[in-house]
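# Chain and residue survey
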Amino acid sequence: MNRYNADFRASTRAARYRTVVFDLDGTLADTAPDLAASINVMLQQMRRKALTVEQLRLFMGDGVHELVRRAMAASGGCAEDLFASHYPVFLDHYENHLADHSHAWPGVTDALQALLSSGVALALCTNKLEKLTIPFLERLGLEDVFAAVICGDTLSTCKPDPAPLLEAVRRAARSPAIFVGDTGVDIATAEAAGLPIVIADMIGGSPAALDPRVQAVISDFSVLVDLVLGDKGPVSK
């Protein structure tokens, strides 16, 4: 029995939201360091200048295909033949270095456990490929936490199309639901799905945190627990 099922049976606390769907990269975990390292291995082979982690953060949100395209464009151009020949270099390196330096944000594990213990279903909706997502969750010790895991290639479409988010909610099988993300892609997805959106701004200065469509902005996951369980109202943007 996974933790999700066990904790639901022990639920004793009413919640404002019965399902919380999370984005992964940038929301639950800081994955930018390892993504940047793999991008730079590829750029080195292309004899291009390395990009910084801060630059790569701005390119995240639409999955690794778009990440690589944006990195190539920013470093000298992204012709289709270059993408086709060098994307595998990035992917091979990243598959073998998923969590060398990546980690869950502080407070994430405790927050997820608190939500589970209160009977809240947890789901994941990410544009990360399944073959990257599942091993990464295992490295973080989160492989048994989610009632549903929807990846960038689970369906025929991905965020900002609302279908993956709606499928995550459907599989979690409880409502009402709320989505927690960190980018404009997540905001657009939540809006299209008709769900409220919370933005995790863990390093400060996120452009998504200023979007008027956002219900709340958090930099502390214990605040998210209070919001979901109804102990506090929406956090000021």
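This write-up is about the structure you can find in this document. No experiment lies behind these values; they were computed from the predicted model shown.

With that out of the way, let us pick up the packing of helix α2 (residues 32-45) against helix α4 (residues 64-75). Between α2 and α4, the least distance of the axes is 11 Å, while the angle of their chain directions is 55°. With respect to each other, α2 and α4 are oriented oblique. The handedness of the crossing between α2 and α4 comes out as right-handed. On the side of α2, the interface is formed by L35, I39, M42 and L43, while α4 contributes V64, L67, V68, A71, M72 and S75. Counted by class, the contact of α2 with α4 contains 9 nonpolar, 1 polar and no charged residues.

Summarising the element assignment, T133 is placed in helix α7 (residues 130-140). Within the structure, T133 has its side chain in polar contact with the backbone oxygen of K128 (distance 3.3 Å). Residues in contact with T133, not counting those within four places in the same chain, are L24, L124, T126, K128, V149 and C151.

Consecutive side chains along a regular strand alternate between the two faces of the sheet. Most of strand β4 (residues 121-125) is tucked away: 5 of the 5 residues are buried. Neither face of β4 is left uncovered, since the one carrying A121, A123 and C125 and the one carrying L122 and L124 both have all their residues buried. Here strand β1 (residues 19-22) pairs with β4 via 4 bridges, running parallel. Opposite T19, over in β4, you have A121 as the bridge partner. The pairing of β4 with strand β5 (residues 148-150) spans 3 bridges and is classified as parallel. Each bridged residue has a counterpart across the sheet, and for L124 the counterpart in β5 is V149.

Glancing now at the packing of aromatic side chains. Per the stated rule, a full pass over the model turns up 3 aromatic pairs. Ring centres of F83 and Y87 lie 5.2 Å apart, and the angle between their planes is 25°; on these two criteria the pair is classed as stacked. Of this pair, F83 and Y87 are both found in helix α5 (residues 80-95), 4 residues apart, which corresponds to roughly one turn of the helix. Assessed through its relative accessible area of 8%, F83 is described here as buried. Each member of the aromatic cluster is reached from another via a ring pair, and the members are F83, Y87, F90 and Y94.

In total, this model carries 12 salt bridges according to the counting rule given. The partner of D23 in a salt bridge is K159, and the shortest N-O contact between them spans 2.9 Å. Taken together, the residues D23 in the loop between β1 and β2 (29-30) and K159 in the loop between β5 and α8 (163-172) connect sequence positions 136 residues apart. With respect to class, D23 is no different from K159; both count as buried. When the shortest N-O distance is used, the salt bridge between E95 and K131 registers 3.8 Å. Within this pair, whereas E95 is found in helix α5, its partner K131 is found in helix α7, the two being separated by 36 residues in sequence. Note on E95: relative accessible area 36%, which makes it partly exposed. Judged by relative accessible area, which is 43%, K131 ranks as partly exposed. The network of salt bridges with common partners includes D23, K159 and D186.

So, how was this worked out
- Residues numbered from 1 in each chain as written.
- Predicted model: local features only at pLDDT ≥ 70, side-chain atom pairs only at ≥ 80, totals over all residues.
- Heavy atoms only, no water.
- Axes fitted to C-alpha atoms, helices over the stretch in contact; angles between N-to-C directions.
- Helix = DSSP H or I, 4+ residues; strand = E, 2+ residues; numbered from the N terminus.
- Parallel < 35°, antiparallel > 145°, perpendicular 65-115°, else oblique.
- Left-handed = near helix turned anticlockwise from the far one by under 90°.
- Contact = heavy atoms within 4.5 Å.
- Nonpolar A, V, L, I, M, F, W, Y, C, P; charged D, E, K, R; others polar.
- Polar contact = N/O pair within 3.5 Å; in protein donor to acceptor, adjacent residues only side chain to side chain.
- Buried < 20%, exposed > 50% of the residue type's maximum accessible area, 1.4 Å probe, protein only.
- Pairing = 2+ DSSP bridges.
- Phe/Tyr/Trp six-rings, centres within 6.5 Å; stacked < 30°, edge-to-face > 60°.
- Salt bridge = Lys/Arg side-chain N within 4 Å of Asp/Glu carboxyl O.

In short, the description is geometric, and any link to function would need to be established separately.
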